[in-house]
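Now for the letters of each chain:
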Amino acid sequence: MAIEGKEEQAREPRIRLGMVGGGAGAFIGAVHRMAARLDDQFDLVAGALSSTPEKAIASGRDLGLDPSRTYGSYKEMAIREARLKDGIEAVSIVTPNHVHYEAAKEFLKRGIHVICDKPLTSNLADAKKMKKAADESGALFILTHNYTGYPMVRQAREMVANGELGKIRVVQVEYPQDWLTEAVEQTGAKQAVWRTDPAQSGAGGSTGDIGTHAYNLAAFITGLTLESLAADLDSFVEGRRLDDNAHVMLRYEGGAKGMLWCSQVAPGHENGLKIRVYGTKGGIEWVQADPNYLWFTPFGEPKRLITRNGAGSGAAAGRVSRIPSGHPEGYLEAFATIYTEAARAINAVRQGVAVDKAVIYPTVDDGVKGVAFVEACVASSKKNGAWVKL
């Protein structure tokens, strides 16, 4: 099944895209580039791909960028691209967390749309300043909580909104990994070094890196607003400066309760994102490792398996599905959905029309909430798990 509106969008020129970060050795930069190209909506034409000019130039050369549009700094890139007739229309920011605000600000104030990796920033003060900059810019701001792009996550959200689960009572979400079970940051491993460094990552370790994904997914599916939390954070690996495991109890507005577990020291788990939601009429369960399926159990009835684009799958899942049921779509396709939703919004701005209400992507507001979640977890844990309001 083609994405609804894709034929119309294909007649629009590709969106000229720049990238900050994502050079040699950066996992997430490559993922963003693949996601941006999957539905043929973007052309990467410029980049400030590394914190050092030499690495930036080498990375630009490897990606086939015009040397004149490979920059040694994001500020230089923002200034020059804003002046070019064919300058970038949007920029992907895929740096460590502490760079997000300063980099995004340079592009926002020049009216360039921003697609930013999560979490929004490394601290809540910068997150609030980012929101102010985005609101004042008028440019679009898209946060890549990519798990919201899965068709069956959209299906779950639609079912909750339609009242098929009744009033939500319980939310259980988890995201365990095992890649930091040992002190790999001490070996110089690039991805581990910055993620365990408070100066680059912020106050949260596992809470910021994957806990924000779990928190955002629960909010996206249920539509619930978190009121307060009680968190128990640990740094199990000796010498590690940020948490590598967290257990968090959640209280939502309206009375629903939840539990969130995120861990990067759980052997046997790779990227074990999973969510279960229970209401007065039934429950649902979705597992990222098997993302084309959603289990739905109406109370008192047998479990039902809903498949992507199969019987029982609704319009919300269908509009972001690319292929028939039985052919699996996965992580890269979900990531691409965020980019394609961004393209839909950017094309609407190009045409001077309102963005279709069906277009959904995480915003700067979702980003502020995510950073607030991390800081509340840290504050609660320091108070021996005391309840903290957001």
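Predicted model, so just to flag it, every value in this text is computed and none were measured.

Parameters and conventions
Residues numbered from 1 in each chain as written. Predicted model: local features only at pLDDT ≥ 70, side-chain atom pairs only at ≥ 80, totals over all residues. Heavy atoms only, no water. Pairing = 2+ DSSP bridges. Helix = DSSP H or I, 4+ residues; strand = E, 2+ residues; numbered from the N terminus. Axes fitted to C-alpha atoms, helices over the stretch in contact; angles between N-to-C directions. Contact = heavy atoms within 4.5 Å. pLDDT = per-residue confidence, 0-100. Parallel < 35°, antiparallel > 145°, perpendicular 65-115°, else oblique. Nonpolar A, V, L, I, M, F, W, Y, C, P; charged D, E, K, R; others polar. Core = buried A, V, L, I, M, F, W, Y, C linked by side-chain atoms within 4.5 Å. Buried < 20%, exposed > 50% of the residue type's maximum accessible area, 1.4 Å probe, protein only. Phe/Tyr/Trp six-rings, centres within 6.5 Å; stacked < 30°, edge-to-face > 60°. Lys NZ or Arg CZ within 6 Å of the ring centre and 35° of its normal. Salt bridge = Lys/Arg side-chain N within 4 Å of Asp/Glu carboxyl O.

As for the sheet that holds strand S4 (residues 113-116)
Strand order in the open sheet formed by 5 strands is S2-S1-S3-S4-S5, and the pairing between neighbours is parallel. Edge strands, defined here as strands with exactly one partner in the open sheet, are strand S2 (42-48) and strand S5 (141-143). Averaged over all neighbouring strand pairs, the angle between strand axes comes to 25°, with direction disregarded. In this sheet, S2 lies alongside strand S1 (residues 15-20) in parallel orientation, the contact comprising 6 bridges. By the bridge assignment for S2, methionine 19 is matched with glycine 47.

Points about the sheet that holds strand S12 (residues 293-298)
Taken in spatial order, the 9 strands make up an open sheet running S13-S12-S11-S10-S6-S9-S8-S7-S14, and their pairing is mixed. Either end of the sheet is taken by a strand with one partner, and the two such strands are strand S13 (304-307) and strand S14 (388-389). Against the sheet, helix H10 (residues 206-222) contacts strand S6 (168-176), strand S7 (226-234), strand S8 (245-252), strand S9 (257-263), strand S10 (274-279) and strand S11 (282-287), and its axis sits at roughly 150° relative to S9. Those strands touched by helix H13 (residues 364-382) are S7, S8, S9 and S14, and its axis lies near 60° from that of S7.

Examining the confidence of the model for the protein
Averaged over every residue, the pLDDT of the protein is 95; residues scoring 70 or more account for 97%. Low confidence marks residues 1-10, where pLDDT is under 50. Its contacts with residues over four positions away, or in another chain, come to 23 contacts.

Quick notes on the packing of helix H5 (residues 100-108) against helix H6 (residues 124-137)
It is the contact of H5 with H6, at a shortest axis distance of 10 Å, that shows an interaxial angle of 10°. If you check the angle between H5 and H6, you find them roughly parallel. Residues His100, Tyr101, Ala104 and Leu108 of H5 pack against Asp126, Lys129, Met130, Ala133, Ala134 and Ser137 of H6. Looking at side-chain class alone, the contact of H5 with H6 contains 6 nonpolar, 2 polar and 2 charged residues.

Here's the deal with the nonpolar core
One finds Ile221, Ile284 and Phe373 to be the most contacted residues of the largest nonpolar core, which totals 47 residues. Here this core gets 7 residues from one element, more than from any other, and that element is H10. If sequence neighbours within four positions are ignored, phenylalanine 373 has contacts with Thr207, Gly211, Thr212, Tyr215, Leu226, Leu229, Val248, Leu250, Leu260 and Leu390. Counting 32 residues, the second-largest nonpolar core is a separate cluster that includes Val20, Val91, Phe107 and Ala139.

With respect to the packing of aromatic side chains
Tallying each qualifying case throughout the model produces 7 aromatic pairs. Look at phenylalanine 42 and tyrosine 339: their rings are 5.5 Å apart centre to centre, the planes differ by 85°, and that puts the pair in the edge-to-face class. Separated by 297 residues along the polypeptide, phenylalanine 42 in strand S2 and tyrosine 339 in helix H12 (residues 331-351) bring together distant segments of the chain. By relative accessible area, which is 1% here, phenylalanine 42 ends up buried. Between tyrosine 331 and phenylalanine 335, the aromatic rings sit 5.9 Å apart at their centres with planes inclined by 70°, giving edge-to-face as the arrangement. With tyrosine 331 and phenylalanine 335 both in helix H12, this residue pair falls 4 residues apart, about one helical turn. Overall, the relative accessible area of 25% leaves tyrosine 331 in the partly exposed class. Pairwise contacts between aromatic rings join Tyr147, Tyr150, Tyr175, Trp286, Tyr331 and Phe335 into one cluster. Of note, arginine 157 hangs over the ring of phenylalanine 220, and the distance from its end group to the ring centre comes to 4.3 Å. Over the ring of tryptophan 295 we find lysine 303, and its NZ or CZ is 4.5 Å from the ring centre.

Side note on the pattern of salt bridges
Note that side chains of opposite charge can pair when their charged atoms are close. For the structure on display, the rule yields 29 salt bridges. Between arginine 241 and aspartate 197 there is a salt bridge, with its nearest N and O atoms 3.5 Å apart. Placement of the pair is arginine 241 in the loop between S7 and S8 and aspartate 197 in the loop between helix H8 (190-195) and helix H9 (198-201), with a sequence separation of 44 residues. Its relative accessible area of 15% is what places aspartate 197 among the buried residues.

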